[in-house]
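Next come the chains, spelled out residue by residue.
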Amino acid sequence: MNRRRLLPCATAFVLLTCFTGCGKKSDGGIVIGEFASLTGKEATFGISSHEGTLLAIETLNAAGGVLGKKVELLTEDNQSKAGETSNVVNKLISKDGAVAVLGEVASSRSLEAAPICQQNGIPMVSPASTNPKVTETGDCIFRVCFIDPFQGTVMANFVSKTLKATKVAVFTDVKSDYSKGLAKFFKEGFTKNGGQIVAELDFNGGDKDFKAQLTAIKGAAPDAVFVPGYYTDVALIAIQAKQLGLTIPLCGGDGWESQTLLDIGKDAVEGHYFSTHYASDAASPSVVAFVADYKKRFNGKVPDAMAALGYDSAMFLADAIKRAGSTDSTAIRDALAATKDFEAVTGKIAINAQRDAVKSAVILQIKDGKFKYLETVAP
Amino acid sequence: MDWLLQQLINGLALGSIYALIALGYTMVYGVLRFINFAHADVLMLGAYAAYFLAPAVSTVFPLPSLTGALIVTLLSVMICTGIGILIEFLAYRPLRQRPRLTVLITAIGVSLLIEFTCQHEAVFGADTKPFPQLLPVHDFNIGGLVIGSNDLVVVVTTLVLLAALWFIVQRTKMGTAMRAVSFNQQAAALMGININRIISFTFGLGSALAAIAGILYALKAPGIDPLMGVQPGLRAFIAAVLGGIGNLPGAALGGLLLGLLETFAGGISGLSNYRDGIAFAILILILLFKPAGLLGKASVEKV
């Protein structure tokens, strides 16, 4: 019920910000552009990160803005579609005069925006694109999340050390760069720990029947299965694995984190593990404050990792603008690159030479229909 | 050995779903000589109808239960029958006298229209929705082999509907009229058969089948989205061609064969990426040797 009411609310709100944002020319404030997947296939991710970003900007403006000026956020929707991102990013930079650009969750679409920002010398901060290639585009591209090699290694260590598994099956979505990358780094890490990959099966994102592959996995008798997919596929995989009597733990990455996983998977996803960027039930004071503010702003909705990263991306950029002391794009870029220990909601961030955030990951377990915090893994 | 038998069960369960969808394709083709590409989207609408009806029905008949499931299915079938007749009336009937290719392209247009309208936030939205559990689920475990109750329901439903369809087409007055229309529309009209009524009936029946298939498909994989019909629809269309399009038992046979091929190809470690490739390569081979399909009769068209 809650979700059903939220979606129209969020959509209406997005439309509103878009309308008021589009018509207005900058009135002396600092213009920050944002592109996000507010509609379409990955809308859950886009809406979350956008809400986090919005909360950050409102918090900044309530405290008097940045460098004494108001921050203006102009948001554009790319409809989760390839091709649309370049249109909206070009518009944000050349027409709206954004001094910096925030976006997006999906790596493939961040990769589309990165060359445009790089060419124009406009700093871009991605909240949640974990594919290493994103920041390789050039020295203007940053991110506030960890990258897949780290996430893959974290899960490999967790599976071999905490779960004490020695034989693992890997079940990859061959349609997604994210899934293939994560699977590769997991396999490297796990074999380095002395583990053995007993079966490697593939599926295509959007498939509905996984029993053929799961039966083969069952036949190989592994101790755990690594499924680096997105939440809709993972939910169906968990259901069919349970039907086939596959009772071993399933493990995955941050693509799992969505309420939809729990709604579809129900008791079939119980007890499984995944790595992500932050836990909303962690005890740290910055997390507690953020969760309270977010709930107040968005009708009691609990912020997920994408919301926290969206918030962090905006705060991280504002911090750099403050340190740069100007809104000149080169000065902002240099200040972003010089970030050493920025206190973000998702943990302490240091920017390395590749402009990636060095930070910790958390591992969550699904318990009683909720994501439960299990442990934090330092970089 | 266990592994092989389990894959056999998985394949039969998947194949039955394809068979059920293929029946709808093949029946409409049998009468009208035209592929209704919107069939897969009516299937999706059937699943969504059940998704929206289930909470209402469960206030009277608590779900999951057999009665509740039957009522939800019946109501969805009625809705989809209406939609099917409406699609025929609005999109295909005005083109009755046009070349068949025009109708075929229109069918693709109707299919895309339904898919993308439903993806709009104001209609269903593009995100995946959790499908409610309509039937009580029990997994039978026989000596290490697992058979899901939903899979049994699919197999039984497919068999029952196949028999029912065969009876309607071969043994009823309506079926005789359908066959007459399929044979020669003009001659049938001269014999006093109301062509429009027969064609509407055919579409209604096909859409009813699609609704049932949609609900069973959603029970098997309980996450539904507006594009859920595309993949199984394509497979079922191929199954219908494989069995000999226009032939009811052929569609069922083609569906089962395709399900088995996909399952066995998908269960091979390292090759599962190519499962569709392997399955379809074998299908091409079969069609090379039997161009009219497994049970289809080769016909000579007079020019």
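Calculation notes
Chains are numbered independently. Their residues run from 1 in the order of the written sequence. Chain letters and ligand numbers both follow the written order, the letters beginning at A and the numbers at 1. With pLDDT at 70 or above as the cut-off, local features in this predicted model cover only qualifying residues; side-chain atom pairs require 80 or more to be listed or tallied, and sums for whole chains, interfaces and linings still use all residues. Excluding hydrogens and water, the side-chain values take into account all heavy atoms of the structure. Secondary structure follows DSSP: runs of H or I at least 4 residues long count as helices, runs of E at least 2 residues long count as strands, and numbering of each begins at the N terminus. Here the radius of gyration uses the C-alpha set of atoms, whereas the globule reference equals 2.2 Å times the residue count to the power 0.38. Burial here depends on accessible area, computed with a 1.4 Å probe over protein chains only, as a share of the maximum for the residue type. Under 20% is buried, over 50% is exposed, and the range in between is partly exposed. Only heavy atoms enter the contact rule, under which two residues are in contact if any of them lie within 4.5 Å. Surface accessibility in these figures is a Shrake-Rupley result with a 1.4 Å probe; residues are shielded only by whichever protein chains are displayed. We call two strands paired when DSSP finds no fewer than two bridges between them.

1. Section: the overall build of chain B
Working step 1: Helices and strands together make up the secondary structure of chain B, namely 11 helices and four strands.
Working step 2: Taken over the C-alpha trace, chain B has a radius of gyration of 19 Å; the compact-globule value for 303 residues is 19 Å, and the two agree within 12%.
Working step 3: Judged by the C-alpha coordinates and their principal axes, chain B covers about 60 × 50 × 40 Å.
Working step 4: Residues classed as buried in chain B amount to 50% of the 303 residues present.
Working step 5: At a minimum sequence separation of 6, the contacts of chain B that also span at least 24 residues come to 72%.
Working step 6: Accessible surface, chain B as shown: approximately 13900 Å² in total, 72% of it carbon and sulfur.

2. Focus: the sheet that holds strand β11 (residues 342–344) of chain A
Residue and element names in this part refer to chain A.
Working step 1: Within the open sheet, the three strands sit side by side as β11-β12-β13. Their pairing is antiparallel. Of all the strands in the sheet, just β11 and β13 (357–358) have a single pairing partner and so form its edges.
Working step 2: As paired elements, strand β12 (residues 347–351) and β13 share two bridges and run antiparallel to each other. The partner of Ile-351 across the bridge, within β13, is Ala-357.

3. With respect to unusual backbone geometry
Working step 1: The omega torsion of the bond from A:Gly103 to A:Glu104 falls at -15°, within 30 degrees of zero and hence cis.
Working step 2: For A:Glu104, the position within the fold is in the loop between β3 (100–102) and α4 (107–120).
Working step 3: A cis geometry characterises the amide bond from B:Leu63 onward to B:Pro64, with omega recorded as -5°.
Working step 4: Along the chain, B:Pro64 turns up in the loop between α2 (39–58) and α3 (66–92).
Working step 5: In this structure, A:Ala221 takes a positive phi of about 50° despite not being glycine.
Working step 6: Mapped onto the secondary structure, A:Ala221 falls in the loop between α8 (211–219) and β8 (224–226).
Working step 7: Accessibility expressed as a relative area gives 42% for A:Ala221, which makes it partly exposed.
Working step 8: In this structure, A:Asp368 takes a positive phi of about 50° despite not being glycine.
Working step 9: Position of A:Asp368 among the secondary structure elements: in the loop between β14 (361–367) and β15 (370–377).

It is worth stressing that arrangement in space is one thing and function is another; only the former is reported here.
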